[in-house]
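Examination of the molecular architecture
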Amino acid sequence: MLALLNRHIAQPFFSWKAGNHLPRRLRILEQRQFDTPKVIAARQLESLREMLFHAWETVPFYRNRWQAAGVHPEDVRQLEDLGQFPILTKQDLRAHAAEIRSFAYADQEVFRKTTSGSTGVPLTIAVDREAMDWKRACTLRSDQWSGWRRGTRVARLWGHAAADRGSWKARLRRAILDRESYLNTLDMTAERMKEFAETLIHRPPGLIFGHAHSLYLFSVFVRKHFLGRIHPDGVISTAMLLHNWQRTAIEEAFGTPVTNRYGCEELSLIASECGEHDGLHLNADSVFAEVIPDATLSTEPGGGRLVMTDLLNRAMPLIRYQIGDVAVPKSGNCACGRGLPMLKSVTGREADYVLAPDGRLISGISLTDHYATEIRGATQVQLVQESRSGIRLRIVPDERFDVSSRERVAILSREFFGPEMRADIELVDRIPQEPSGKYRFCISPVAVEHIRAMGQ
Ligand SMILES: [Zn+2]
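The present account deals with the structure reproduced in this document. Small disclaimer: the values here were computed from a predicted structure and weren't measured. (Residues numbered from 1 in each chain as written. Predicted model: local features only at pLDDT ≥ 70, side-chain atom pairs only at ≥ 80, totals over all residues. Heavy atoms only, no water.)

Before going further, it helps to examine the nonpolar core. The biggest cluster of nonpolar side chains holds 60 residues, and the ones touching the most others in it are Tyr62, Trp66, Leu93, Leu267, Ile270 and Ile323. Residue contributions to this core peak at six residues, all from helix α3 (residues 37-58). Membership of the second largest hydrophobic core comes to 33 residues, among which are Ile230, Trp245, Ile250 and Ala372. (Core = buried A, V, L, I, M, F, W, Y, C linked by side-chain atoms within 4.5 Å. Buried < 20%, exposed > 50% of the residue type's maximum accessible area, 1.4 Å probe, protein only. Helix = DSSP H or I, 4+ residues; strand = E, 2+ residues; numbered from the N terminus.)

Here's what the structure looks like:
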C-alpha cells in the first residue's frame, strides 16, 4: 500500500515540484531499451554528433586539440569514426578541468560531482541539470532490472553517512520519496551491522544496494546471525569489482541474485547486468563506450582499455575519456530482448595490476581471487606492491590460519610471479578503506607507473 502511494502520489508530486519530469523520462527510456541494436546505434550516432559540434563551438580546449589533430565533428559519419579523435586522459582532466567547461553553460546551474581517484587529488566534474535528470532516470531504469519495484524501500551500504547530509528538506525528501535506510560503511562494527540487520527485518527493503565488498562483509554477518530473515527483491553491487566468491556469499545471505553494476562519479551509470546476469548492458542513452584492444592488459579477445564519451553532459563534455578501467566487449543478443550493447565484463582497474619481476602484468582481480579463496584461515586479503621484486600481503586471519597458510602464500606467489618475487605477510585486524568507503585489494604504484609509461 505504501509502495503504491509512493509510486503514484509521492513520486509524481516531487517530480512535478522539481520540474524534472522523471516519470515521463523513465517511460521513454523503458521503451527505448527494447529497440533493435541498429536503432540504438543510430540514436547514439546522432547524440554523439550533436555533442561533438557542441564541444567544437563552446569548448575551445577541444577545438584546439582537434584542429591540431586534423579532425572535425563533420568527419564522424559512423560511430567508428570517433576513433580518429584524441583521447582525454585523467591527467588531462586534472590539468585542464576549468578549460573543459562549456562557456555556453557559464551562467547556468550545474551540479558538482567530486571523485577522489587513486592519486588522492580530488577532481570535480560539472554536470548540467538536464543531463543530471536524464542520468537519474537511466539509473532508475537499471535499478529495476534487479527485481526491485520503484516505491519500495531501499537499504544502502555506503561510504559516508549520506542520510545525515543536506538540508532538512533533502532529508525529508529522501525519507518520504526514496524510503532509504543507510549503513555507513566507514563504521561497519558488529554492533552497527546488528542494528542495521534488525532494521531490515523490521522494515523489509525491496532493494539492498552497496559496494561489492561492504555487501560481502554484511552478508557474512547476516549468514551467521540472521540467515533467511532478510529477503529483498533485488541486490545491486556497484562501485567496485565483484568477485565470484563475494557474489556467492551475498546470494546465500539474501536468497536473491546479485545484479552487478559498473559506473563512476564522472559519468554516473555506465553498464549494468539485467535479469539474465550474463554480461552488462551499456547505458547507451547516456554514454558511448569504446574498448581499445590491448593484449598486455587483457587476455580475452577484444579486451582492453575502456574509453567513454558522455552523450548527455553539455556543461563539461567528456569526449573519449580514458577512464582507467579494462573491459571485454560482448557481441550477440541478450536473452532479455533488450537491444542495448553489452560488455562481457569489466576485468579491472588499470590501477589493479601487479608487475612481475620479468615484466609481465598480472590482473589484480584474478590474484586476489586466488589468495582470498586458497589460503586457509584468510578472511580478507590485500596485496600491496612496493617494489618490482617485493609484495606484501595484508591478511585478516581467523583461528584456522597457521603455518600451512603461510606455505600456501609462498607457493602461490612463486606460481604467479616466479622465484624472484619476495612475498611478505602482514597480519592485520582489518583492511583499511579509502576515504570513499571503497576497498582496494590490489595496490601497486609500480604497475601503475609501468602502464603509464607504456601508454606514452
Ligand atoms: Zn539482458
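Picking up where we left off.
Attention now goes to the pairing of strand β8 (residues 268-273). Among the six residues in β8, six count as buried, and that is most of the element. By the bridge criterion, four bridges tie strand β7 (residues 258-264) to β8 in an arrangement that is antiparallel. Bridge assignment links Gly263 to a residue of β8, and that residue is Leu269. If you look at the hairpin formed by β7 and β8, you'll find three residues sitting between the two strands. Both β8 and strand β9 (residues 280-282) contribute to a ladder of three bridges, which runs antiparallel. Residue Ala271 lies in a different strand from β9, and its bridge partner there is Leu282. If you look at the hairpin formed by β8 and β9, you'll find six residues sitting between the two strands, and His277 has a positive phi there, around 50°. (Pairing = 2+ DSSP bridges.)

A few words now on the sheet that holds strand β16 (residues 378-387). Spatially, four strands are ordered β18-β17-β16-β19 in an open sheet, and the strand pairing comes out mixed. At either end of the open sheet lies a strand with only one pairing partner, and these are β18 (422-427) and β19 (442-443). By the bridge criterion, two bridges tie β16 to β19 in an arrangement that is parallel. In the strand pairing of β19, Leu383 is matched with Cys442. Relative to β16, helix α11 (residues 364-374) is tilted by about 135°, and along the sheet it contacts β16, β17 (390-397) and β19. (Contact = heavy atoms within 4.5 Å. Axes fitted to C-alpha atoms, helices over the stretch in contact; angles between N-to-C directions.)

Turning next to the coordination of the zinc ion. Taken together, Cys274 (SG), His281 (NE2), Cys334 (SG) and Cys336 (SG) make up the protein donors of the zinc ion, found 2.1 to 2.3 Å from the metal. One can describe the donor arrangement at the zinc ion as tetrahedral, given that its four donor atoms subtend angles of 102 to 117° at the metal. (Donors = N, O, S within 2.8 Å, 3.2 Å for Na, K, Ca; no water. Tetrahedral: all angles 85-135°; square planar, octahedral: opposite > 155°, others 65-115°.)

Okay, the packing of helix α8 (residues 190-202) against helix α9 (residues 212-225) next. With their axes 10 Å apart at the nearest point, α8 and α9 run at an angle of 75° to one another. Taken together, α8 and α9 sit at an angle that is classed as roughly perpendicular. On α9, the residues that touch Ala190, Met193, Lys194, Phe196, Ala197 and Leu200 of α8 are Leu217, Phe218 and Phe221. Of the residues assigned to the contact of α8 with α9, the class counts are eight nonpolar, no polar and one charged. (Parallel < 35°, antiparallel > 145°, perpendicular 65-115°, else oblique. Nonpolar A, V, L, I, M, F, W, Y, C, P; charged D, E, K, R; others polar.)

On their own, these measurements won't tell you what the molecule is for.
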